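# Structural overview for review
Each chain, letter by letter, is given below.
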Amino acid sequence: MLAMPVHWDDGEIAPGLLLRCQAGEPAALRAFVECYQRAVFALLSRTIGRHPEVEDLAQETFLRAIRALPTFDADGAARLSTWLLTIATRLALDACRKRTREQRPALAADPMSASTPEHEAQRAQLRDAITSAIDELPSDQRAAFVLAEFHGFAIEDIATALRTRKSTVKTRLFRARAKLSRALAHHRGQAE
Amino acid sequence: MTRIELERAWPAAEPPPGFSERVLERLQLGAALPEPAPTRASALGWLRARRARWLVLPAVALALVGMLLLWPVGPARVGDVIAAEPRVVAIGERAVAEMSSGAHLRWSGDGLQQEVQQDRGAVSYRVLPGAAFRVQTPQGDVTVLGTEFRVVVADREQAEGEPMKKRWAIAGAGATLGALLWVSVERGSVRLSNHEQELVLRAGQAGAIGSDGIPRLEAAVPSAPADAGPAGGRAAERARKRQVADTVRRHAAQRRAAALAAKPASDPPTTPPVEFVLPKEEHTFGPYPSGTPAPPAGPEEARRREYIKRTVREQYFPMARDCYLELLERQPTAGGKIVLEFAIVGDGDVGVVDRVELREDPDTIADPEFQLCMRESLYTAVFEPPPPGVEETTVVYPVMLAPE
């Protein structure tokens, strides 16, 4: 067990724990991984799809982060989670680029819980509509959308993560949201 | 559609059981982490164990999971470390010390108070507020009132000698030659005292205690204002490094000129300069520089090649990365190659960079400010001196730079 709080008030690991991570203490590094692993898996699986490669990329994300942790400025402007998810995003986009066109990401394949067969059917249709729309998004648009909608990244942070301009991020987000809106509108039209 | 609805419609993968253990196992197998701090008594055994690491890796990997479950609470509150090379150690639960080669630290304390004894060398400290933290040196004490500061302690016998002047130059521009204790504050504040007189130093200030034992304010050290963004901080850091580089370069030039003037005309010719081309493979800069060993030609040459590569990676790459990040801010798609050619000359008990040039290459990044930043940053690196009889070692170091 660790002697100090793992989480700080803002959801990041406590500053003292970060110092111990920077010194390479195994127990602290384990706590660091456990603190952020859900967010990293969520980002990777939504960006590249539910693929066996997700765990490999998640491991690589943490290994790179841990090696670079001594250079992370705890007093700087960047949050640790933003920094970590930026590493994950870049790895995910690299993986997307390496894939062949035939290997489209298999998104959201898990069945969702539903109380009744009717609800289940409706949700499955909704899921399929969203999945289909997301599947059509280019990886850069999908990454921007995931970072903004699921991880609360500001436009500036997304621009840093994707190494592009803020105006480009805004365009990508606009297009991604427009495509999803169209897909949902189409789905609702069919349901009615 | 709300975020909750979106999350339900687009569920994410959950981390599989045992994920964190697998990450740490991979770290153990190929890690480039700061090594856990050995005590002085255990350092020899630790080095021996390191040689046999590959023999015991399977056992270590198996034992790791169990060790993690039983790991003691927090880092050592008592320790004694001599840094054979630059290293980072955790001091108690609220501080990290970045030790330069040769620095010696002993520390003890509890969660409320930490006492550190630094009898020599240069150490940068980062300390979290909330508990007392004091660094005791032979010349005086530094009591932490804030967070980040650097302490350099001289040997009294060496304080006026050439090696110590070199170390002061490395410690920071503006350091007084002949001072026995020198402290600079990056953030927060510290109290510098000799038990009778005291001086409070705030961020951006430096102080020293000389042979008279009196704490005095030194020339200010450039520091980023509190509200400066990352770019402002980097600019201030670059300004400081350039001052250090200038000091080192001036001093090295004076040393060489003095040595040349003192050399008798009948001196036999020295061994021709040695030239290394390092590394044969290209180095790629992303946020995380990767390095692999170059093929050795002979045991000593191979050791020196590896030493120079490692030193460049450790001391120069972080600054070069800052240069590249600044370039990317101006030119977001900039990429290419920089082929550095530099000479290492002896200066007392260390080797310093005497000149840095860029070799012509069709892929060279042509940005003048970037090139200046890359050249200037290299002057701050410190190496072992060239072998006896060798005037200088020339190193050619190609570096590839590309956005990740």
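Residues numbered from 1 in each chain as written. Chains lettered and ligands numbered in written order. Predicted model: local features only at pLDDT ≥ 70, side-chain atom pairs only at ≥ 80, totals over all residues. Heavy atoms only, no water.

### Overview of the overall build of chain A
Along chain A, the regular secondary structure elements total 8 helices and 0 strands. The order of helices and strands in chain A, counted from the N terminus, is α-α-α-α-α-α-α-α. When contacts within chain A are restricted to residue pairs at least 6 apart in sequence, long-range pairs at least 24 apart make up 62% of them. Carbon and sulfur atoms provide 49% of the accessible area of chain A, an area that totals close to 9,200 Å². (Helix = DSSP H or I, 4+ residues; strand = E, 2+ residues; numbered from the N terminus. Contact = heavy atoms within 4.5 Å. Areas by Shrake-Rupley, 256 points an atom, 1.4 Å probe, with all protein chains shown as cover.)

### Regarding unusual backbone geometry
Within the chain, A:Arg163 stands out as a residue other than glycine whose phi angle is a positive 50 degrees. Within the fold, A:Arg163 resides in the loop between α7 (155-162) and α8 (166-191).

### Re the confidence of the model for chain B
All names here are of chain B. On average, residues of chain B carry a pLDDT of 67, and 56% of them reach 70 or more. Within chain B, the element-level pLDDT minimum falls on strand β15 (residues 283-285), averaging 36, and the maximum on strand β6 (residues 132-136), averaging 86. Low pLDDT (under 50) marks residues 266-275, which in the prediction has 13 contacts with non-local residues, meaning those over four places away or in another chain. Low pLDDT, under 50, characterises residues 279-296; the predicted model gives this stretch 52 contacts beyond four residues in sequence or across chains. (pLDDT = per-residue confidence, 0-100.)

### Re the packing of aromatic side chains
Within a pair of aromatic rings, the relevant descriptors are the distance that separates the centres and the angle that separates the planes. What the rule picks out here adds up to 9 aromatic pairs over all chains. Centre to centre, the rings of A:Phe72 and A:Trp83 are 5.1 Å apart; their planes meet at 50 degrees, and the pair counts as tilted. Of this pair, A:Phe72 sits in the loop between α3 (53-68) and α4 (80-98) while A:Trp83 sits in helix α4, and the two are 11 residues apart along the sequence. Taken individually, A:Phe72 and A:Trp83 each receive the classification buried, so the pair is uniform in this respect. Note on B:Phe317 and B:Tyr397: the rings are 6.2 Å apart at their centroids and 75 degrees apart in plane angle, and the pair reads as edge-to-face. A residue pair is termed long-range when its members are at least 10 positions apart, and B:Phe317 in helix α7 (residues 299-330) and B:Tyr397 in strand β19 (residues 392-401) qualify at 80 residues. (Phe/Tyr/Trp six-rings, centres within 6.5 Å; stacked < 30°, edge-to-face > 60°. Buried < 20%, exposed > 50% of the residue type's maximum accessible area, 1.4 Å probe, protein only.)

### Considerations on the state of the cysteines
Summed over the entire model, instances satisfying the criterion amount to 1 disulfide over all chains. Shown here is the disulfide that connects B:Cys323 with B:Cys373, its sulfur atoms set 2.1 Å apart. With the S-S bond torsion at -75 degrees, the cross-link from B:Cys323 to B:Cys373 turns out left-handed. Pair noted here: B:Cys323 is in helix α7 and B:Cys373 is in helix α8 (residues 368-378), with a separation of 50 residues, a long-range link. For the pair formed by B:Cys323 and B:Cys373, the shared burial category is buried. Free of any disulfide, A:Cys21 has its nearest cysteine sulfur in A:Cys35, 9.3 Å distant. What makes A:Cys21 buried here is its relative accessible area of 2%. (Disulfide = S-S within 2.5 Å.)

### Focus on the nonpolar core
Counting residues in hydrophobic clusters, the biggest one holds 67 residues, and the most contacted among them are A:Ile13, A:Phe32, A:Leu44, A:Phe62, A:Leu69, A:Leu80 and A:Ile158. In terms of residue count, helix α2 (residues 26-48) of chain A provides more of this core than any other element does, 12 residues in total. For A:Phe62, the residues in contact, after removing those within four places along its chain, are A:Phe32, A:Val33, A:Tyr36, A:Gln37, A:Val40, A:Leu84, B:Phe19 and B:Val23. (Core = buried A, V, L, I, M, F, W, Y, C linked by side-chain atoms within 4.5 Å.)

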